[in-house]
Amino acid sequence: MHTHCPYCSLQCGMTLQREGRRLEVAAWPEFPVNEGGLCRKGWTATGLRGHRERLTTPMLRDRTTGELRAAGWDEALDLVASRLQELQQESGADAVGVFGGGGLTNEKAYSLGKLARVALRTSQVDYNGRWCMSSAASASNQAFGIDRGLPFPLADLERAEVLVLVGSNLAETMPPAVRHLDRLRERGGRVVVVDPRRTPTADRADVLLQPVPGTDLALALGVLHLLDARGLADEAYLAARTTGWDDVRRVAAAWWPERVERVTGVTVGELHALVDLLTSHERVVVLTARGAEQHAQGTATVLGWIDVALALGLPGRPHAGYGCLTGQGNGQGGREHGQKSDQLPGYRMIDDPAAREHVARVWGVDPDDLPGPGRSAYELLDALGRPDGPRALLVLGSNPVVSAPRAAHVADRLRSLDLLVVCDLVMSETAALADVVLPVTQWAEETGTMTNLEGRVILRQQAVAPPAGVRSDLEVIAGLAQRLGSPVPFSDDPEEVFAELGRASAGGRADYAGIDYDRIREEHGVFWPCPSPDHPGTPRLFADAFAHPDGRARLVAVDHVGTAEPTDAAYPVHLTTGRVLAQYQSGAQTRRIADLPDTGAFVELHPSLADRLGAYDGEPVAVTTRRGRLVAPARVVDTIRPDTVFVPFHWVGVNQLTNDALDPSSRMPEFKVCAAQVEAVARAARPSPGEPVEVAR
Amino acid sequence: MSGTVVVGSGMAALRLVERLVERGHRDLTLLGDEPHAPYNRILLSAVLEGTHRPEALELRPAGWYATHGVALRTGTRAAALDLDAREVELVDGERVGYRTLVLATGSIPTLPPIRGMVRMDGTLHPAVHAFRTLADCRRLDEAVAGSRRAVVVGGGLLGLQVARALSVRGLQVEVVEGGEHLLRSQVGPAAGRILARDLRRLGTSTYTGARAVRLVTEHGEAGADVDGDGDGAVGLRLDNGYTLPTDLVVLTAGGRPSVALARAAGLDVRRGVVVDAQLRTSDASVHAIGDCAEHDGRLTGFVAPAWEQAELLASHLSGDDVTHTGSRTVARLRATGLDVAVLGDPEGARTLPGSEVVEVTNPLQGSHRSLVVRDRVVVAAELVGDLSRVGLITQHYDRGTVLGPHEPGHLLLGPPRPPVPGGTVADLADEAEVCTCAGVAAGAVRRCSSLEEVVERTRATTGCGGCAPDVRQLLAARPSLTA
Ligand SMILES: Cc1cc2nc3c(=O)[nH]c(=O)nc-3n(C[C@H](O)[C@H](O)[C@H](O)COP(=O)(O)OP(=O)(O)OC[C@H]3O[C@@H](n4cnc5c(N)ncnc54)[C@H](O)[C@@H]3O)c2cc1C
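### Looking at the site of the ligand
All names here are of chain B.
Here is step 1: Close to the ligand lie 28 residues, the nearest being Ala 12, Asp 33, Glu 34, Asp 291 and Val 303.
Here is step 2: Here Phe 302 contributes a backbone N or O atom positioned 3.3 Å from an oxygen atom of the ligand.
Here is step 3: The protein chains hide 92% of the 990 Å² of surface that the ligand would expose on its own.
Here is step 4: Among the residues forming the shell around the ligand, the class breakdown is 12 nonpolar, 9 polar and 7 charged.

This is the structure:
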């Protein structure tokens, strides 16, 4: 049976085969995104099946002992519903919050948003996608009037002549995508990587620029400066298809190469060479990922690189343009169907009266009964248990105790709730704090659609029966809705929910109305927008027009102001975070798969810095920020800037270091850079092998 | 929040106004004597060189000022200040009242004492050019067309930029520098010598330790021809007796703060307009920023500190409690074919007690690099001829990073190698991981006889494909099993 990998936004196609009682992963060579290739996360994806840590019964925290005890489903759901209602009666509808995830299927994301707005009538719903690609989403909406990660199929990259990757380490985070890069290079194309680390992706690049963390925007402004100075901007395209160039070039006039060099560390010579490369080819693609986006100026940074793409006349040209490499499995679909605090299904805005009208009609409720916009992810978590904040939280598909910035503070907020309900497969760090834990189905045990980084809607199909005792998220949502006295019914059948989602999205920016499960199976997925059954879907956007009413793209003038927490004498080193190949996100799934190596957190640092600190490869070092401290073994590598350390964020403790400064428009926290102090730890204080130790806060 | 008048509309003035606008100030007036809206002055030499379009100098679109409540008055020269009445008097007699006045009048070029250079009516001889404004740049640009030769007087940053620009434009260029070596206010003699050699290689001769004293005819005679009829050619006589025949003379002998208004109004003026840590002059409602200001006995002369002052003043005028503590400067030569970066004041810093100098000179490569280190912090640096590590050195300088004892050496010579497992792929232990995508160890590959078998049995090479070369090597090094 054909399905897709449970992890990242590439959503690699794979075949699942029953071999006796075992479920085996095999290649699906015809699926064009990965052509049968998988990384070790994909090959081992069935490893959670039958895992001894799988939860199979609801658990309730016993008031007297403080321990979790097993309970029946009815008891658990009745209790949750009645507690939520009590709290809402005491403190209003917004006393209940809902927290979703970018890994949930479209159907779940949709139902969760509907549960919040219709059954709970709370405005307090958001999801962890804010910590993924939200800056790119916000930038794309401003620039193009639409937010689809890639405006073309991934395989289009192969025919580009130059590919610029800003803050993406796809060779490690989505290895099967590299085939397209390799083919581009086999054809004579060139790859540019912008990253403070020389990553495995950079090893395959022709050009590597290693800017100071948090200065990608200054680099973009430097490119724009030279394009204008040297008369190399595509003025005809800018005049015919865009607005805003004049404001942008004036800001860029103040970013001459020597100033860019001082701020970014990228030399004048390197900048000129980059501009020469970009302007001597027609088919140039610029892609951003978390490295550029997870900043307090993330949206501005992406806008700066979109400005570069527009000044070069790229978007809309075949095998050229701008795109974002979304991170989470359903990072794309998860942001389109209403689990975001300011949105309704179909990428409609919740404060738009026409959007409310349409969605309310599909739902069978009065538009005036729909709540307005609520708090964004971090602000929602930060408000928990405060006088004006939610008193209860329902968490699906997320593990914020590990993944949120300033995570220790977030854990404190979660502890202060009257009621925390977590749906998960295993006892994640967040579930461990919950009053009620609901065991739910996973991946191959259920059916549902995802929308990959290309905007291609694909189908994950159920291959095995779930373990006895667990329910799907859709069943949990429907069960709660009914107990909460929802005015309208909730289906727990994915295909029915998808059809309803299609109707709700009809006419919106992300229009799924013409997509159904059969079409997805037959066509290797369908690209939205797809407004009707006879519409072919839209693999490529922007050939004729952009999605703003006037059909033009907007160049938005943005200026580099610097990171929220600059280094200083006490915290002199930049700390940046990211992923490693063998783990995924908070690691709740991947750390429990025996075949995936679990190294624990480590601290990558340059030999010069190691020498300064007296730190040795493999020996413990402590990384301290204004928010927390982590001890982990050093990895001394010359692939990182000497003024920067890197720590992968999959393990508890790492995000206790990161900064909760937010981007003003996407509300993305500044995961990718903060100021840190690093020191070698005496051997006596060495942590037990493989385990990072949180010493103090 | 109203009634702020800024005299001068250069780079400091615009940055101040931008920040004030961001913070909600309105009723701002910019008085600028140049006919243009604010533009990026420091790129004029690139315009001259032909690598920067003049239209790309402008720092804000024409409509920006009016829509943000800024009255921009170009071609408007302030003639006097009336501090008691709080008014600025313009050359045509108009008076402009202010609540807060900011002087951002920049600097004016120093005219070296060269006889015959300034004519009776006070204008420059037609063959002689200053280089400070866009108008100067245009005038020189037009003159380049009919010229073959140029002499640049002053071998500092600006002089070398102009010399290279004219040379790139095809002129035969000579540089006259009164000091003993080029860039003498920035670098030491060793670096200066390398620069002179680089220039010679690029076709430009330099005369150091020589002063231009008199404008004469091409053939060295004082007289009527100097008035610029005939073919326009002149001669520039040096104090060592040489006369350099040329079509153009460009004066780049430095500048001094433009303080005439302030001095006439009785404000405290030394070399520049004296300001305190809030950039206030001796009159509390008058401030000064940029090239014209003197803080703590120091002038600046660069954009970065001018902008820092502008930003600080905007905060101060918005009610924030801020203090100016001085700035770090990084001077970068913008000249095709010459690589120079000067951080801080290396010549001054190296003589201070406790300073240590780490230095690498490579005459073969034509590079000279030195770091002045005090208390393990890079406090100044000169980098000539090799800028490969300028990015990181600048970061450490700007952030005041406390370095390890070996790091200054790493900064110039390259970092130490990280610990690497030695040997080739073929030597890898059986447990060593070869394919990270599929998690395949060397031993598993060795147990296969062909790439096809590796793919089939281990899935190595099927993920990102990055391990394919290593897998091939392992297979090739496999001991042959056939007898
Ligand atoms: C060709 C050139 C290259 C340079 N290159 C660099 C470089 O690479 N890096 C760097 O950091 N710095 C460089 N500088 C120096 C830099 O330009 C100055 O430090 C900076 O412009 C200072 O800003 P300011 O606003 O104080 O002065 P300015 O930008 O000079 O502006 C002052 C303005 O006030 C006007 N003005 C003066 N008096 C009056 C009056 N009475 N009424 C009305 N208007 C008046 C002037 O005409 C001028 O327009 C360069 C300068 C020049 C000329």
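### As for the packing of aromatic side chains
Here is step 1: In total, this model carries 11 aromatic pairs over all chains according to the counting rule given.
Here is step 2: For the ring pair Trp 256 of chain A and Trp 307 of chain B, a centre distance of 5.5 Å and an interplane angle of 55 degrees mean the geometry is tilted. Of this pair, Trp 256 of chain A sits in the loop between helix H10 (245-252) and helix H11 (257-264) while Trp 307 of chain B sits in helix H8 (residues 303-317), placing the two residues on different chains.
Here is step 3: Accessibility expressed as a relative area gives 7% for Trp 256 of chain A, which makes it buried.
Here is step 4: Connected via pairs of aromatic rings, a cluster forms that spans Phe 144, Tyr 322, Phe 542 and Phe 546 of chain A.

### A short note on the sheet that holds strand S2 (residues 13-19) of chain A
Residue and element names in this part refer to chain A.
Here is step 1: Ordered by their spatial adjacency, 3 strands build an open sheet running S1-S2-S3, and the pairing between neighbours is antiparallel. Of all strands in the sheet, those with a lone pairing partner are strand S1 (2-4) and strand S3 (22-27), marking the two edges. If you compare each strand with its neighbour and ignore which way they point, the axes differ by 45 degrees on average.
Here is step 2: Note that S1 and S2 share 3 bridges and pair antiparallel. Each bridged residue has a counterpart across the sheet, and for His 4 the counterpart in S2 is Gly 13.

### Quick look at the environment of Pro 439 of chain A
Residues and elements named next belong to chain A.
Here is step 1: By the secondary structure assignment, Pro 439 is in strand S18 (residues 436-439).
Here is step 2: Overall, Pro 439 belongs to the buried group, its relative accessible area being 1%.
Here is step 3: The spacing of Pro 439 and Leu 459 is 20 residues in sequence and 23 Å in space, taken between C-alpha atoms.

### Quick notes on the domain arrangement of chain B
All names here are of chain B.
Here is step 1: Along its sequence, chain B is organised into domain 1 (2-108 + 255-317), domain 2 (128-251), domain 3 (344-416) and domain 4 (420-483).
Here is step 2: Using only C-alpha atoms to locate each centre, domain 1 and domain 2 end up separated by 31 Å.
Here is step 3: Carbon and sulfur atoms make up 67% of the area that domain 1 and domain 2 hide from each other, which totals about 1,300 Å².
Here is step 4: Of all residues in domain 1, the largest losses of buried area upon contact with domain 2 belong to Leu 44, Leu 48 and Glu 49, amounting jointly to 45% of the total for that side.
Here is step 5: The tally of links from domain 1 across to domain 2 stands at 0 salt bridges.
Here is step 6: Linking domain 1 with domain 2 are 5 residue pairs in polar contact (both at pLDDT 80 or more).

### Digging into unusual backbone geometry
Here is step 1: Omega for the peptide link from Trp 528 of chain A to Pro 529 of chain A comes to -5 degrees, which places this bond in the cis form.
Here is step 2: Located in the positive-phi region is Arg 459 of chain B, a residue other than glycine, with phi close to 70 degrees.
Here is step 3: Here Arg 459 of chain B shows up in the loop between helix H13 (451-458) and helix H14 (468-476).
Here is step 4: In the Ramachandran plot, Thr 461 of chain B falls in the positive-phi region, its phi being about 75 degrees despite a non-glycine side chain.
Here is step 5: Position of Thr 461 of chain B among the secondary structure elements: in the loop between H13 and H14.
Here is step 6: Among the residues examined, Thr 461 of chain B registers a relative accessible area of 18% and is labelled buried.

### Details of the domain arrangement of chain A
Residue and element names in this part refer to chain A.
Here is step 1: When its domains are assigned, chain A resolves into domain 1 (2-48), domain 2 (59-131 + 330-527), domain 3 (136-324) and domain 4 (573-685).
Here is step 2: Here domain 1 and domain 3 have C-alpha centroids that lie 32 Å from each other.
Here is step 3: Facing 12 residues of domain 1, the contacting portion of domain 3 comprises 10 residues.
Here is step 4: Regarding the contact of domain 1 and domain 3, the summed buried area is about 740 Å², with carbon and sulfur atoms giving 62% of it.
Here is step 5: Joining domain 1 to domain 3, the criterion identifies 2 salt bridges.
Here is step 6: The shortest N-O distance in the salt bridge between Arg 179 and Glu 35 comes to 3.8 Å.
Here is step 7: Where domain 1 touches domain 3, the interface holds 3 residue pairs in polar contact (both at pLDDT 80 or more).
Here is step 8: Among the residues forming the side of domain 1 that touches domain 3, the class breakdown is 7 nonpolar, 3 polar and 2 charged.

### Describing the side chain of Glu 34 of chain B
Here is step 1: In this structure, Glu 34 of chain B sits in the loop between strand S2 (28-31) and helix H2 (44-49).
Here is step 2: Once residues lying within four places of it in the same chain are set aside, the contact partners of Glu 34 of chain B are Tyr 39, Arg 41, Thr 74, Gly 75, Arg 132, Thr 133 and Leu 134 of chain B.

So, how was this worked out
The written sequence of each chain sets the order in which its residues are numbered from 1. As they are written, the chains are lettered A onward and the ligands numbered 1 onward, keeping that order. With the structure being a predicted model, the display of local features is reserved for residues of pLDDT at least 70 and the display and counting of side-chain atom pairs for 80 or more, all residues being used for whole-chain, interface and lining totals. Side-chain metrics in this entry use all non-hydrogen atoms of the structure; hydrogen atoms and water are not considered. Nearness here has a simple test: a residue counts as near a molecule or strand if at least one of its heavy atoms is within 4 Å of that partner. Between N or O atoms, a polar contact is any pair within 3.5 Å; within protein, one atom must be a potential hydrogen donor and the other a potential acceptor, and residues adjacent in sequence are included only when both atoms are from side chains. Only the protein chains shown count as covering a residue, and every accessible area follows the Shrake-Rupley method with a 1.4 Å probe. Three classes are used: nonpolar for Ala, Val, Leu, Ile, Met, Phe, Trp, Tyr, Cys and Pro, charged for Asp, Glu, Lys and Arg, and polar for all others, with Gly counted as polar. Only Phe, Tyr and Trp rings take part, Trp by its six-membered ring, and two of them pair if their centres are within 6.5 Å. Stacked means planes under 30 degrees apart, edge-to-face means over 60, and tilted covers everything else. To qualify as a helix, a DSSP run of H or I must reach at least 4 residues; to qualify as a strand, a run of E must reach at least 2; elements of each kind are numbered from the N terminus. Three labels apply to residues, based on accessible area from a 1.4 Å probe with only protein chains included: buried if under 20% of the type maximum, exposed if over 50%, partly exposed otherwise in between. Pairing between two strands is assigned when DSSP locates at least 2 bridges connecting them. Structural elements are reduced to axes, namely lines fitted to C-alpha atoms, with helices fitted over the stretch in contact, and the angle between N-to-C directions of any two is expressed from 0 to 180 degrees. Throughout the structure description, domain borders are defined by an automatic or database domain assignment. Defined in terms of a 1.4 Å probe, buried area is the accessible area two parts forfeit on being brought together, summed over both. The term salt bridge refers to a side-chain nitrogen of Lys or Arg lying within 4 Å of a carboxyl oxygen of Asp or Glu. The contact definition used throughout considers only heavy atoms, calling two residues in contact when any of these lie within 4.5 Å.

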